[in-house]
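Letter by letter, the chains look like this.
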Amino acid sequence: MRILVVCGNGLGSSFIMELNVKKALLELGKEAEVTHTDLTSATSEKADIYIGAGDIVDHLDNGVRKIVRIVNMMSIPEIKSKLELLL
């Protein structure tokens, strides 16, 4: 399984969220390849789950992709609760 963390520029916030997604997966006892990127690159990258702030990942929602909208990227409980619905 591949999870792609997306932000506007693919730098700071997506890297922090990538680390938190990895922590959430560990707490859930699940494994996945987690990487981060910018919105433009994400449109052409394949992943099982795309995760990021709603205003960013909504641009990737094509009706087929599994999209996870995060309100607080620092909240591991929020990330966990939204990911476990898809894992």
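The rules behind the values
- Here the residue numbering is sequential within each chain, running from 1 through the sequence in written order.
- Per-residue local features are limited, in this predicted model, to residues with pLDDT of at least 70; the limit for side-chain atom pairs, both in listing and counting, is 80 or more; totals at the level of whole chains, interfaces and linings are taken over all residues.
- By convention in this description, side-chain values take in all heavy atoms of the structure and omit both hydrogens and water.
- Strands are treated as partners if at least two bridges between them are detected by DSSP.
- Helix numbers and strand numbers start at the N terminus; a helix is a DSSP run of H or I with at least 4 residues, a strand a run of E with at least 2.
- Geometry is summarised by axes, namely lines fitted to C-alpha atoms with helices restricted to the contacting stretch, and by angles between N-to-C directions that run from 0 to 180 degrees.
- Whether two residues touch is decided by their heavy atoms; if any such pair falls within 4.5 Å, the residues are in contact.
- Type-normalised accessible area, obtained with a 1.4 Å probe on protein chains alone, sets the label of each residue: buried when under 20%, exposed when over 50%, and partly exposed for intermediate values.

Asks: Would you mind going over the sheet that holds strand E1 (residues 2–7) with me for this structure?
Replies: Within a sheet, adjacent strands bond to each other through the backbone by hydrogen bonds, running parallel or antiparallel. If you trace the four strands from one edge of the open sheet to the other, you get E2-E1-E3-E4, paired in parallel fashion. For this open sheet the edge positions go to strand E2 (33–38) and strand E4 (67–70), each flanked by a neighbour on one side alone. Neighbour-to-neighbour, the strand axes of this sheet turn through a mean angle of 25 degrees, independent of strand direction. Here six bridges tie E1 to E2, and the two strands are oriented parallel to one another. The partner of Ile3 across the bridge, within E2, is Val34. Where helix H4 (residues 76–83) meets the sheet, its contacts fall on E1, strand E3 (49–53) and E4, and the angle it forms with E4 comes to roughly 155 degrees.

Asks: Would you explain the side chain of Asn20 in this entry?
Replies: Relative to the assigned elements, Asn20 resides in helix H1 (residues 12–28). When its relative accessible area of 6% is taken as the criterion, Asn20 is described as buried. Residues contacting Asn20, with those up to four places away along its chain left out, are Met73, Met74, Ile76 and Ile79.

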